[in-house]
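Notes for the structure review
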Amino acid sequence: MMLSWKQLFLLSFIGSLRGDVTLQGPVFIREPSNSIFPVDSEEKKITLNCEAKGNPSPHYRWQLNGSDINLSMEYRYKLNGGNLVVINPNRNRDTGTYQCFASNSLGTVVSKEAKLQFAYLENFKTQMRSTVSVREGQGVVLLCGPPPHSGELSYAWIFNEYPSFVQEDSRRFVSQETGHLYIAKVEPSDVGNYTCVVTSTVTNNRVLGSPTPLVLRTDGVMGEYEPKIEVQFPESLPAAKGSTVKLECFALGNPVPQINWRRSDGLPFSGKIKMKKSNGMLEIPNFQQEDAGLYECIAENSRGKNVARGRLTYYAKPHWVQMIKDVEAAVEDNLYWECRASGKPKPSYRWLKNGDGLVVEERIQLENGALSIADLNVNDSGMYQCIAENKHGLVYSSAELKVVASAPDFSKNPMKKLIQVQIGSLVIFDCKPKASPKAHCSWKKGDEILQSSERITILKDGGLQIANVTKLDVGTYTCLAENLFGKASSSTNLLVTEPTRITLAPSNMDVSVGESVILPCQVQHDPLLDIVFTWYFNGAITDFKKDGSHFEKVGGSSSGDLMIRNIQLKHSGKYVCMVHTEVDTVSSAAELIVRGSPGPPESVKVDEITDTTAQLSWKEGTDNHSPVTSYVVQARTPFSVGWQIVTTVPDIIDGKTFTATVVDLNPWVEYEFRVVANNKIGGGEPSLPSEKVRTEEAVPEVPPSEVSGGGGSRSELVITWDPVPEELQNGEGFGYVVAFRPLGITTWIQTVVTSPDTPRYVFRNESILSFSPYEVKVGVYNNKGEGPFSPVTTVFSAEEEPTVAPSHVLANSLSSSIIEVSWDAIPWKMSSGRLLGYEIRYWNNGGKEDSSSRIKVMGNETSARLQGLQSNLVYYTAVRAYNSAGMGPFSATVNATTKKMHMSQASF
């Protein structure tokens, strides 16, 4: 349909108004949903929600079962915003399907349908129920027959009187579909009155039917018979996607039948499927298409079996795959709108415009959910809704179509004030005014109208393209835009500059850790342009503040040289110098290789262990750009001071060898090993330690050192040694073999000392002569066997203490503080040992003998001086000899009086 000039100018005016104010058609925020209202509820009203946003604000109306609700005439309805409030709801008048319509000046949208139902449960009729008479062993069905109701119910049965409810098991079953009670095989204990209890799951109201008496017949017991399925699911049952499906199956029979389930196609049940009520119910939560199929219930006892079958079919309400979105189009444009939904069965589509069905005509076509409108005009504006539906439900998608008409306008998309390009480049000037319909664009430079030529092209979208730009192209360029409703123009200035060139670029370098280098980056550029240097390291921009300890930018205004101080391994990589101007960007890259000592070898492990060797293997670590020349193996034990280099085979491990045998280890010692790699730069970090391993046991090889002895008490031979360190014991069960014999005797006396830390052994025997020479040696042993003995050494038995006292003891006062004591040496034979010396005891006249003072003299001394005594005082003294075995008897006590102190000494 062609519009008149007056209509077009009016539309142009309306379009300009819309540019100032954001108008929006109604869009639902909340829509009504299905509701179930309890008839006996204390609430006296129902609220169905409806709220939409839009500008202008929407107004609302409602329909019930396709007919408008006259809110001005119906006092029982009122609007609260967009919500419909139903006052004193009545199930006969208000049950049905409701829809909300939201409208403003831009159009109307319709909400999804919402069903209002009323839940109620009436009482059972009061008539008595007939007695049910059965034989013992027979099956029986007690009917419930629920009263009139609306809403979902649940069922239970009372046995005799409340609260004794029938407990369901393999013999008794209450169907939640029919409400009936099924007893597979009646027993005498089942005799009594049964009452059906019906509960509304919506209102929780509960009603009880009349009791049904169950009695046993007296004409005999029912014999065994094959199962008879009384409760079974339909032959075909549609199930919704995501729903919980419950299939019931129960059989009468004698013996009581066993219920089992299976799929007819032989597929196993998924893990989510549950069996309940002694297999009387199969529950499938979150039903999906793969759960559809033929299901079988098998009831079986010793007399036979019976099978019930039913097919579960899958259906899904429509679900949006592609919804429609708001569209703004110019008059005379064409529109193609598509909505797509999934569902089973496959959904069909219909469209609404402003709440009414869309009428197909020559310009307007519908095909498989797609709407196409040719040659748009302003009358096509409005709110559109695509509805996808199948027999299980429907979904709505809403959007607004704005058909606009306006003169060209650059206010929201002006041209750039300045465009800078370099000589020889290609420049494109955009010209994109807002205009409906699309504007025709022409160009001029200054006052010169431009036409397409070899270098100049006026593009289809209205833009201008100039190829191989020169300095002569500098100037002001203006785009002239025009359509039916008016004209507009916008200008930009073109500046043409010399290209930027890197005159000194960084080059690839090979350096060692710790060195400092400069990567040059110097340029030649147009003086009209400002330049900015940026360095990238392995793709990331260099942060000179964060990495200032290593990176520094040096050079003048046309230089962006990068200095790297104290280079580390982490600085290996690609460096890019990027030079930016307002017009162009140039860059140059260089690879920097940093060589350092090797990284730690990896995965060090002990492949084989013996008593003195360990077979090691490892994997090479990083060589840090300098090949590994050799490896060194280190070991650590609980007894070593830190890590120690160990002997290996081969002795020198080259950089291509990743195994070695460590030798000269001590048996039965726990070792850790690590490996260090070396290259021309130096030794690297050691590897992580291997797992701790213990060498195997072996016979001990090292005897104790420093074997000697002597001393002790009478009749004792004391033998001492330095214990063998734990790392040389070579195994568990370590101890000492002590061997000794009198000098000149050929037979050794041996004894075992089991404690590895013991440093001595004492042999006691009354036959041992004092100070007799013995040959002594100490050997070692462990669980693997006996080791060597120490060299034989001579040790003397204990000496005999002196038995006589010194004679001719004399005490002579030499001064007021000194007394000299002398005596004759006691007779002594070398066979008795070595005389070590004499002990002198002394005390004064006022003191006690028990608290006397003592001094000793060594060897063969026969006199001693007592010093520091008090003057003019009687001192008593006695002397005795001693040796390593002990002290001899004291001599007779003698005394002497210290001299008086002279006056000169006293005054002093």
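Residues numbered from 1 in each chain as written. Predicted model: local features only at pLDDT ≥ 70, side-chain atom pairs only at ≥ 80, totals over all residues. Heavy atoms only, no water.

1. Some thoughts on the UniProt feature "domain: Ig-like" (unreviewed entry) in the chain
Following the UniProt record, one finds the feature "domain: Ig-like" (unreviewed entry) at residues 32–117, 122–209, 227–313, 318–402, 408–497 and 499–587. Structurally, residues 32–117 is divided into 5% helix and 55% strand, and its ends, taken at the C-alpha atoms, are 13 Å apart. From the first C-alpha to the last, residues 318–402 spans 28 Å; its make-up is 0% helix and 62% strand. (UniProt positions renumbered as here; feature names shortened; annotations may be inferred. Helix = DSSP H or I, 4+ residues; strand = E, 2+ residues; numbered from the N terminus.)

2. Remarks on the packing of aromatic side chains
The relation between two aromatic rings is expressed through the spacing of the ring centres and the mutual angle of the planes. In total, this model carries 24 aromatic pairs according to the counting rule given. Ring geometry for W337 against W351: centres 6.1 Å apart, planes inclined by 25 degrees, an arrangement best described as stacked. Residue W337 is found in strand β31 (residues 335–338), and its partner W351 is found in strand β33 (residues 348–353); the two are separated by 14 residues along the sequence. The residues W337 and W351 share a single accessibility class, namely buried. Three or more aromatic residues link up through ring pairs in this structure, and these residues are F173, Y182 and F250. Residue placement shows R694 over the ring face of W668; its charged tip is 4.6 Å from the ring centre. (Phe/Tyr/Trp six-rings, centres within 6.5 Å; stacked < 30°, edge-to-face > 60°. Buried < 20%, exposed > 50% of the residue type's maximum accessible area, 1.4 Å probe, protein only. Lys NZ or Arg CZ within 6 Å of the ring centre and 35° of its normal.)

3. Structural notes on the sheet that holds strand β72 (residues 760–764)
The strands making up a sheet are joined through hydrogen bonds of the backbone, oriented either antiparallel or parallel. Strands sit in the order β68-β69-β72 across an open sheet of 3 strands; the sheet is antiparallel. In the strand order of this sheet, the two ends are held by β68 (705–709) and β72, each with one partner. On average, each strand axis in the sheet is tilted by 15 degrees relative to the strand beside it, whichever way the strands run. In this structure, β68 lies alongside strand β69 (residues 716–722), joined through 3 bridges in antiparallel fashion. Each residue of the ladder has a partner; that of S708, found in β69, is T720. (Pairing = 2+ DSSP bridges. Axes fitted to C-alpha atoms, helices over the stretch in contact; angles between N-to-C directions.)

4. Examining the pairing of strand β7 (residues 77–80)
As defined by bridge partners, β7 adjoins strand β8 (residues 83–87) across 4 bridges and the pair is classed as antiparallel. When the bridges of β8 are listed, N80 appears paired with N83. Between β7 and the antiparallel strand that follows it, β8, lie 2 residues; G81 among them carries a positive phi value of about 70 degrees.

5. Some thoughts on the nonpolar core
The biggest cluster of nonpolar side chains holds 23 residues, and the ones touching the most others in it are W337, W351, L371, I373, Y384 and L401. Every element with two or more residues in this core is listed here: β31, β36 (370–373), β37 (382–390) and β38 (393–404). Here this core gets 4 residues from one element, more than from any other, and that element is β38. Residue contacts for L401: discarding those within four places in its chain leaves V327, L335, W337, I373, L376, D380, S381, G382 and Y384. (Core = buried A, V, L, I, M, F, W, Y, C linked by side-chain atoms within 4.5 Å. Contact = heavy atoms within 4.5 Å.)

6. Quick notes on the UniProt feature "domain: Fibronectin type-III" (unreviewed entry) in the chain
The UniProt record marks residues 600–698, 703–800 and 805–901 with the feature "domain: Fibronectin type-III" (unreviewed entry), using the residue numbering of this structure. Within the segment residues 600–698, helix and strand shares are 0% and 42% respectively, and the terminal C-alpha atoms sit 34 Å apart. End-to-end, the C-alpha atoms of residues 703–800 are 32 Å apart, and along that stretch the chain is 0% helix and 50% strand.

7. Focus: the sheet that holds strand β80 (residues 863–866)
Taken together, 3 strands build an open sheet; the order of strands is β76-β77-β80 and the sheet is antiparallel. If you trace the sheet from one side to the other, it starts and ends with β76 (807–813) and β80, each paired once. Pairs of neighbouring strands in the sheet enclose a mean axial angle of 15 degrees, with direction left out of account. Bridge count for β76 against strand β77 (residues 819–824) is 5 bridges, and the pairing is antiparallel. Its bridge partner being in β77, S813 is matched across the sheet by I819.

8. Structural notes on the environment of G735
If you trace the backbone, G735 turns up in strand β70 (residues 735–742). Under the relative-accessibility criterion, G735 is labelled buried at 0%. The spatial distance from the C-alpha of G735 to the C-alpha of T758 is 8.8 Å, given a sequence separation of 23 residues. Here G735 is in contact with V753, T754, G779, V780 and Y781, once residues within four sequence places are set aside.

9. Description of the pattern of salt bridges
Where charged atoms from two side chains of opposite charge come close, those side chains can pair. Applying the stated criterion to the full structure yields 31 salt bridges. In this structure, the salt-bridge partner of D219 is R135, at a minimum N-O distance of 3.4 Å. Of this pair, D219 sits in the loop between β20 (212–216) and β21 (225–231) while R135 sits in the loop between β12 (132–134) and β13 (140–142), and the two are 84 residues apart along the sequence. You can call D219 partly exposed: its relative accessible area is 41%. The exposure class assigned to R135 is partly exposed, which follows from its relative accessible area of 25%. Measuring nitrogen to oxygen at the nearest pair gives 3.0 Å for the salt bridge that ties D473 to R455. (Salt bridge = Lys/Arg side-chain N within 4 Å of Asp/Glu carboxyl O.)

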